[in-house]
Amino acid sequence: MRIDVVSIFPEYLAPLDLSLIGKARRDGLLDVRVHQLRDFTHDRHQTVDDTPYGGGAGMVMKPQPWAEALDAVVASGDAGARPRVIVPGPGGMPFTQALARELAEEPWLAFACGRYEGIDERVYGYAADDLGLRVDVVSLGDYVLNGGEVAVLAITEAVARLLPGVIGNAESLVEESHEDGLLEYPVFTKPASWTSPTGTTRDVPPVLLSGDHGAIARWRHQQRLERTAARRPDLLHSSQAADGELAAYDLSVATRGDAAELLTLTRACWAQEYVRYGLFGAGTDTVDEFADELAEWTTWVLRSAGRLVASVRARLDPADPTTWQIGRLMVAPDLQGRGLGRALLAFAEAQAPVGTITFWLNTGERSERNLKIYKKAGYRVRPGVGAHPETVDLTKRAR
Ligand code: JD8
């Protein structure tokens, strides 16, 4: 990949000489060229800015130096090659991991670093219409910087580390935050038991010392789900953007504090099963038992105006880390029939870790209503007896 950067502070991009990006450049995996905008001025003071038409504070960057700089960058490329132009700006489209993946597919990027109050708007039209370049304004985040250079450093690092050969083991790219919509799991290293300067001793979670890779994978995925729900519930919601059904509800990972309401919802739903199909369900569980089970499964609850109205849980099958078990899909009786169960099922599927092959769930062998929902969602009844008495298992191939 080739990256050109035009700035009045080229030294700002010096960090791109360092670390993995610097090595990638020396290894020929990345060709980064930084240009001084003032080199494309012709007056003694190398003027790149002037006062804004219409008045107002600050200065605006002049169009001519930018036009000549872009001309020079384009002209220095292979015949017919055209860079994709990225102009950092607080009003641009948000820079995300998805955009980083998209830009990493580009052979040639050109960054235009603005300063002052910004670049004369006619430069965007010149680049797009006269030079025929794709131009995108991209924002690093909802805060104000003094120029585009910092954004170019961040975008270049996020993009370049996705290029083949830049990161040692590409494996580590898989389970990163934002790569699959979940935040990363907590990491630990030696010593297993650490005594801090204040004398407090903290131990590494025992599961990580167990050597049981299935259990470690389950724990790590549960940590990612819990952290995402706690710190970035928007990411959980956005993973269901397709299906806005859940957007109207507050989604969170259940805690022991939710156990009593979960018991109530379960009793309400089981009562229906009992009335409808004479199926006797989990009528005996206590709140503490419900709370204890939260450690074995990741359980999500949906609230509407504070009321717990629906829930689902999921985990990696302890016996098969490629199977994502989904269970206890429940919707309050008064809210059934609106597609909430289907949306919550899709949500639970979407939380499956990378590498999941099969979705599994279990329901009453005579629960026609549930069976209809699951079959409509692509599940097929497994032959033979289900995991519990009077139940059947259903599976579906993961995406
Ligand atoms: C480029 C000039 C400063 C911005 C007047 C302050 C990105 N997430 C982001 N926040 N700010 C920027 C950014 C700011 C820039 C330029 C990017 C060029 N400024 C201007 C408008 C208000 N001053 C950014 N990416």
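As shown above, the structure is provided for reference.
This one's a predicted model, so the numbers in the text were calculated from it and none came from an experiment. (Residues numbered from 1 in each chain as written. Predicted model: local features only at pLDDT ≥ 70, side-chain atom pairs only at ≥ 80, totals over all residues. Heavy atoms only, no water.)

**Student:** Please clarify how the packing of aromatic side chains should be interpreted in this entry.
**Tutor:** The way to describe two aromatic rings as a pair is by their centre distance and the angle between their planes. Per the counting criterion, the structure on display carries two aromatic pairs. The interplanar angle of 85° and the centroid separation of 5.3 Å between the aromatic rings of Trp-300 and Phe-347 together place this pair among those described as edge-to-face. Of this pair, Trp-300 sits in strand β11 (residues 298-304) while Phe-347 sits in helix α11 (residues 340-350), placing them 47 residues apart in sequence. Taking the relative accessible area as the measure of exposure, Phe-347 reaches 0% and is therefore buried. (Phe/Tyr/Trp six-rings, centres within 6.5 Å; stacked < 30°, edge-to-face > 60°. Helix = DSSP H or I, 4+ residues; strand = E, 2+ residues; numbered from the N terminus. Buried < 20%, exposed > 50% of the residue type's maximum accessible area, 1.4 Å probe, protein only.)

**Student:** Would you mind going over helix α12 (residues 368-376) with me for this structure?
**Tutor:** Owing to its 3.6 residues per turn, the α-helix aligns residues three or four sequence positions apart on the same side. Within the sequence span of α12, burial applies to Asn-370, Leu-371 and Tyr-374. The arc that holds the buried residues of α12, viewed along the axis, is 100°, so those residues lie on one side. Exposed side of α12, more than 90 degrees from the buried face: Lys-372 and Lys-376 are the residues found there. Remark: Gly-378 follows α12 within two positions and exhibits a positive phi of approximately 100°. (Arc of directions from axis to C-beta.)

**Student:** Which parts of the structure should I look at to understand the pairing of strand β5 (residues 84-94)?
**Tutor:** Pairing between β5 and strand β6 (residues 108-112): three bridges, direction parallel. Each bridged residue has a counterpart across the sheet, and for Val-85 the counterpart in β6 is Ala-110. As defined by bridge partners, β5 adjoins strand β7 (residues 135-139) across six bridges and the pair is classed as parallel. Across the sheet, Met-93 pairs through a bridge with Val-138, a residue of β7. (Pairing = 2+ DSSP bridges.)

**Student:** It is not clear to me how the sheet that holds strand β10 (residues 250-253) should be interpreted in this structure. Could you clarify?
**Tutor:** Within a beta sheet, neighbouring strands are joined by backbone hydrogen bonds and run either parallel or antiparallel to one another. Taken together, seven strands build an open sheet; the order of strands is β10-β11-β12-β13-β14-β16-β15 and the sheet is mixed. The strands lining the two open edges of the sheet, one partner per strand, are β10 and β15 (380-381). Of the strands in this sheet, β10, β11, β12 (307-317), β13 (320-331), β14 (358-364) and β16 (391-397) are in contact with α11, which crosses β13 at around 155°. (Contact = heavy atoms within 4.5 Å. Axes fitted to C-alpha atoms, helices over the stretch in contact; angles between N-to-C directions.)

**Student:** How should I be thinking about unusual backbone geometry in this particular structure?
**Tutor:** Leaving glycine out, the prevailing phi sign among residues is negative, and the prevailing peptide bond configuration is trans. For the bond from Lys-190 to Pro-191, the omega torsion is 0°, close enough to zero to count as cis. Within the element layout of this structure, Pro-191 appears in the loop between α6 (171-174) and β8 (193-195). Not every positive phi belongs to a glycine, and Gln-46 is a case in point at roughly 50°. If you trace the backbone, Gln-46 turns up in the loop between β2 (31-36) and β3 (49-50).

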